[in-house]
Amino acid sequence: MGAGCSSQRAAAVKPADIPVQGDAEYDEVYSKAQTQYERWQALRQQEIDSEQTRQEDGANRTEAECFRVLRRHFARAIPASVLVSECYRILERRGFDDDNTLFGSSVCPDLLRNSLVADFTEAWGENVSLGGLGGFPFLGKSGFYSLLDNVPQDGNIFILYCSHVGVNKEGVIGKINRMEDDFDIDCCRSAAQALKTIKEKDPGLSLSRSIANLDFQQGYVTKCILKETTRLHEADEPLVELPRIIYLHIRKFMNGLIPSDYNGKPLAFLGGVHVNTPPGVQDHFVPLNFELRNGEGVIEDLLPELDQVHQMSHVLKMI
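Residues numbered from 1 in each chain as written. Predicted model: local features only at pLDDT ≥ 70, side-chain atom pairs only at ≥ 80, totals over all residues. Heavy atoms only, no water.

A word on the side chain of Ser-105. With respect to the helices and strands, Ser-105 occurs in strand 2 (residues 101-106). Looking at Ser-105, its side chain comes within polar contact range of the side chain of Asn-127, at 3.0 Å. (Helix = DSSP H or I, 4+ residues; strand = E, 2+ residues; numbered from the N terminus. Polar contact = N/O pair within 3.5 Å; in protein donor to acceptor, adjacent residues only side chain to side chain.)

Spelled out as structure tokens, the structure:
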């Protein structure tokens, strides 16, 4: 009885003028609705295509600007993925692999740096971090000897050390675009702060304040750059010269951790300048030192093999 009442109520309230399928009026209404829907779909697809084109054009412009800067100012730069695989290949021929090698790094603890270290860590297994601000191995001799204590029996050591510099999507050196935001930040921030300090009227006072405020690492970075004021003033591109200067001081610091009579386990070093690039463009690395100390006082220069990789990739781009 309830169901019958519902049917009667539904029939009673059904308007008589609503078209039903099969009627000419229905077909006309349906046809107009279908046309409007198809038109809306076409307009929506145009919007999607236009947005995709804008994004592709922007990405292409960003990539073009980055490669323009790389070719002009960092001509020996190698894509990060190529660097990792080629370093592994070169060292593997000399008995290094992810089972018998302990990987360590001395890089700036900027979040932007993690991608390079992550790639190397994926290749070699784990990472012992030695680095502080600017990329200096501020863990010092204690950290270095701690690393030696953890090397596998009959194993090897591979250490990456580098300064870093950013290139943003407009090709500006010393800046980098944050992944989630559309604004720039200094890269390397420690280097930028040091550069700002040495431009002050009394950089020595600012340096003393850094140390007094327990900002020892930043104070050390500033002190190193302060020694290179003339070189920076004479450089055509100070922000290109700055990471090279920091790299040289990092290398000097790193060499000071190793005893002059070192005869321990095979020890490989890769040093250079890491170029941070915008999202969508692979980071690059300028190798300036790649060597192997075999534990018997003999140092083998491996840099020419990486230079061959750069030359080959350059030739391929020209084809």
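A few words now on the side chain of Glu-291. Counting through the fold element by element, Glu-291 comes out in strand 8 (residues 284-293). Of the polar contacts made by the side chain of Glu-291, one reaches the side chain of Asn-289; its length is 3.1 Å. Ignoring anything within four residues of it in the chain, the contact list for Glu-291 reads Arg-251, Leu-267, Ala-268, Phe-269, Ile-299, Glu-300 and Leu-302. (Contact = heavy atoms within 4.5 Å.)

Overall, the predicted model of the protein reaches an average pLDDT of 81, with 75% of residues at or above 70. Counting contacts from residues 1-16, a segment whose pLDDT is below 50, to residues more than four positions away or on other chains yields 0 contacts. A low-confidence stretch, residues 314-319 (pLDDT under 50), is modelled with 1 contact involving residues beyond four sequence positions or located in other chains. (pLDDT = per-residue confidence, 0-100.)

Attention now goes to the packing of aromatic side chains. Two descriptors summarise a pair of aromatic rings, namely the distance from one centre to the other and the angle between the planes of the rings. Here the structure, examined in full by the defined rule, presents 14 aromatic pairs. A centroid spacing of 5.3 Å and a plane angle of 80° characterise the contact between Phe-136 and Tyr-220, whose relative ring orientation is edge-to-face. On the criterion of sequence distance, the pair formed by Phe-136 in the loop between strand 3 (127-129) and helix 5 (140-149) and Tyr-220 in helix 8 (residues 216-226) is long-range, its members being 84 residues apart. Look at Phe-136 and you get buried, because its relative accessible area is 1%. A relative accessible area of 32% places Tyr-220 in the partly exposed class. Each residue in the set Tyr-88, Phe-103, Phe-120, Trp-124 and Phe-158 is aromatic and connected to the rest through ring pairs, giving one cluster. (Phe/Tyr/Trp six-rings, centres within 6.5 Å; stacked < 30°, edge-to-face > 60°. Buried < 20%, exposed > 50% of the residue type's maximum accessible area, 1.4 Å probe, protein only.)

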